[in-house]
Amino acid sequence: MIEIIFESIPSFWPEITLSLTFVISMIVEFIVGGKGKKSTGMTTGLIVLLGFTVTILQMPFQDLEPRLLFGTMITLDPFAAFFKYLIVAAGIIVIVFSMQSHEVRRQETVGEFFCFIAAMTFGMFLMAGASNLLMIYLSIELVSLSSYILAGFSKKLKRSGEAALKYVLFGGAASGVMLYGMSLLYGLTGALDIYSIQSTLAAGMVVDVHDWSFVVLMLSIIMILVGFGYKISAVPFHFWTPDVYEGAPVSVTAYLSVASKAAGFAVMVRFFYVAFFDSVLDLGKWGSLPLVDWNMIIALLSVLTMTLGNVVAIWQDNLKRMLAYSSIAHAGYIMMGLVVMSDLGLTAMLAYFVIYFFMNLGAFYIVMSVADRIGSEHIDDYRGLGKRAPVIGVGFSIFLVSLTGLPPLAGFIGKWMLFSAVIEAHYIWLAVIGVLNSAISLYYYARVFRNMYLREPLNGDESPITFSPLVIVITILFIIPNIIFGVYFGPLISYAQRSVELFLQ
Amino acid sequence: MVPIHYYLILSAVMFITGVVGVLTRRNAIIIFMCIELMLNSVNLTFVAFSAYLGNETGQMFVFFIMAVAAAEAAVGLAIVIALFRNRQTVNINDVNILRW
Amino acid sequence: MSSELIVFLILAAVGVLSGILMITRPNPVNSALFLILNFMALAGLYITLHAQFVAIIQILVYAGAIMVLVLFVIMLLNLEDEEPLREQMSKRHYGSLLVALLALVLIVQVIGWNSGGTLETMREQSPHALRIGTVEHIGSVLFTEHVYPFELTSILLLAAIVGAIVMAKKRFP
């Protein structure tokens, strides 16, 4: 038994580096930021940044031959590696954002802020590979616990404490429901690792379709879906999202909306794909679960999620809150890839994540920089911004157009791949609803353009707003991929195709 | 002997009691306690299945749930204290600046 | 009626009643005390399932540590009674009704297990049940198959401890 542990460690270096980063940064913060000393927390931030950089440099040297680590706890395969790259890259960017953010730097506990980013990243790495119900639960909880604390980090702001409370209550209840589902699934199959669950269900010994235990199985899956739905903020489990996204510091919001969502999707895809797909018989159908059309259930969830996100976003005047609803809507689009769990659907999903990464982080970066400069996130304070700060204005427009999904920007390619994947599987109505939703989203994004370019500033102040050169450079760095992936997307798609390979037993 | 259904029904009843509590109570600390009740009914299901299946992994899960519940209670109560310092309330009806 | 069934029924009645009282008492301290009673009943049920170690941990960790923390916070904040449920019921009427309905469905389904399937075979505890609840067996499984989750828990607890301090501490002077 002990040999398994030693055999697993060489494949586990990135995770080990991350956990060491967390612990070391905690110790350093304890020494540097001791009582009475004035600490800016930047030392800790740099250590975490260094740890993340080491992690990302270690990953290309990993042997990605799909295999299991620590018994059946964690799976290593190209699919997990894809999400790990995405997560740690987002982590690095968020650390850079946070180091600039006034909202974060004002806190006395900036150092711990970076430690929790490290803990959260570590948890999301485990989520990307978790292949045992126990690991799924523990990694989700590690991410949740760190994000509860990060959401409530601006302690002096009333909305922040409130966001944290709503998050912790909602998260606790959702994980309770998910655990109940897991316990029923364990009772029916007698196993916790998803490979044994798959083989037991596929053998058809445990669950007879004509029998009540089948209903119990359905119930347990729906309950587990609640836990995942909460993590990816799918409607109807999205209630925490707008409040938390608005109350948390912007850099945390950006991290939650990109990395945490990606990790949630990773764990959800792995769980459903491995446990309930009879991969031999009929690809794209939930082979182990007859009678109920699960594709249709996911499709309905996806439609609900994107429609509600887009429609409610129309009334939002706070840009952070508007982007929160927009990110709910994007979860809906991404779920379209899950509806058809074919390789095509999953490829589209992965490619969309890369594009979403650039456009969403860029948009949040602009909101953060502007809030630091003029102290407001309200849409009326963006009036005339296009003239007062040209680069920022152009950058924000590009990110929003990309989020809408108009050509020739990257967002268009992402949406186009998703829509073609669902059309391929004969869900034409779903693609139509997706297109209609993009049209709705254009409406509220256009409100921002109108305020930035066509309306006079609120108090007639037309003096230019200067941003530091660093802000301008970072904005341009985010603009470039949004344009490049719009016209030159071949490598992105082929990388996504290579990453679809999931470990199956 | 007691068949497993008895344990399962008991845990279902307790779980639902917890859910009803979460939905009806307004005091954040009591909501935390209701979540603990939900987690405990999950633990009962796991232990019962573990005993009837003769398989120890269910009991393992229970230990981890307990550890996480302790961690979550600590963080949650700390958040409640931070909120109380700011707002002098723990009633989640009073906590509603952020609405859609 | 066998003695095992009688013990089960008594413990189950205590568990359900204390749970219901917990969610209906307006005073948070009363609620917390009923929850502790519920945990005691659960510990008894774990003994009937031959899970001795879980039962002890239940008392030590849940009743002994978590609930003490909860009670401590309630007293620290010096909370008043919540307004009685009867008066707020009108608003939450529909939600609760829905949940009660769901509960009914759930329980009917669980009872439905009587009608066949895998669980039909689970009439009696497995002969292994006596062995797997012991500290010895649990220790050997925890530190071999589950050693990684165990280590992960330490990271999780560290994050939670520091997080609780960060959230709850007052500003530095």
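Each remark here, short or long, concerns the structure printed above.
Described below are features of the structure shown in this document.

What follows is about the overall build of chain A. When helices and strands are counted, chain A shows 21 helices and 2 strands. Relative to the 2.2 N^0.38 estimate, which gives 23 Å for 505 residues, the radius of gyration of chain A is 22 Å and therefore close to what a compact globule would have. Taking the principal axes of the C-alpha coordinates as reference, chain A spans close to 75 × 55 × 40 Å. Expressed as a percentage of its 505 residues, the buried residues of chain A come to 62%. Here the contacts in chain A between residues at least 6 apart in sequence split such that 78% fall between residues at least 24 apart.

Before going further, it helps to spend a moment on helix 2 (residues 28–53) of chain B. In this model helix 2 of chain B runs 38 Å from its N-terminal to its C-terminal C-alpha over 26 residues, within 8% of the 38 Å that 1.5 Å per residue would give. Backbone geometry just downstream of helix 2 of chain B places B:G54 in the positive-phi region, at approximately 65 degrees.

Right, let's get into the nonpolar core. Within the largest apolar cluster, 292 residues are counted, with the highest numbers of intra-cluster contacts made by A:I87, A:A263, A:I355, B:V75, B:I79 and B:V80. If we ignore the near neighbours within four places in the chain, the residues touching B:V75 are A:L145, A:Y148, A:I149, A:V168, C:A160, C:G163, C:A164 and C:M167.

All right, on to the packing of helix 18 (residues 410–424) of chain A against helix 19 (residues 428–454) of chain A then. Residues and elements named next belong to chain A. Direction vectors running N to C along helix 18 and helix 19 enclose 155 degrees, while the axes themselves pass 7 Å from each other. By the criterion of interaxial angle, the relationship of helix 18 to helix 19 is roughly antiparallel. In terms of crossing hand, the pair formed by helix 18 and helix 19 is left-handed. Residues K415, F419, V422 and I423 of helix 18 form the contact with helix 19, whose participating residues are I428, L430, A431, G434 and S438.

Here we take up unusual backbone geometry. Backbone geometry follows two general trends: most residues other than glycine have a negative phi, and most peptide bonds adopt the trans configuration. All names here are of chain A. Each neighbour pair has its own omega, and for V235 with P236 the value is 0 degrees, a cis peptide bond. Along the polypeptide, P236 turns up in the loop between helix 10 (212–231) and helix 11 (240–247). Across the junction of P407 and P408, the peptide omega takes the value 5 degrees, indicating a cis bond. Locating P408 in the fold gives a position in the loop between helix 17 (390–404) and helix 18.

Attention now moves to the environment of A:V88. Looking at the secondary structure, you find A:V88 in helix 4 (residues 78–100). Note on A:V88: 25 C-beta atoms within 10 Å, which makes it buried.

Scoring rules and cut-offs
- Residues numbered from 1 in each chain as written.
- Chains lettered and ligands numbered in written order.
- Predicted model: local features only at pLDDT ≥ 70, side-chain atom pairs only at ≥ 80, totals over all residues.
- Helix = DSSP H or I, 4+ residues; strand = E, 2+ residues; numbered from the N terminus.
- Rg over C-alpha atoms; globule rule 2.2 N^0.38 Å.
- Buried ≥ 20, exposed ≤ 12 C-beta atoms within 10 Å, placed from the backbone.
- Contact = placed C-beta atoms within 7 Å.
- Expected span 1.5 Å × (residues − 1).
- Core = buried A, V, L, I, M, F, W, Y, C linked by C-beta atoms within 7 Å.
- Axes fitted to C-alpha atoms, helices over the stretch in contact; angles between N-to-C directions.
- Parallel < 35°, antiparallel > 145°, perpendicular 65-115°, else oblique.
- Left-handed = near helix turned anticlockwise from the far one by under 90°.

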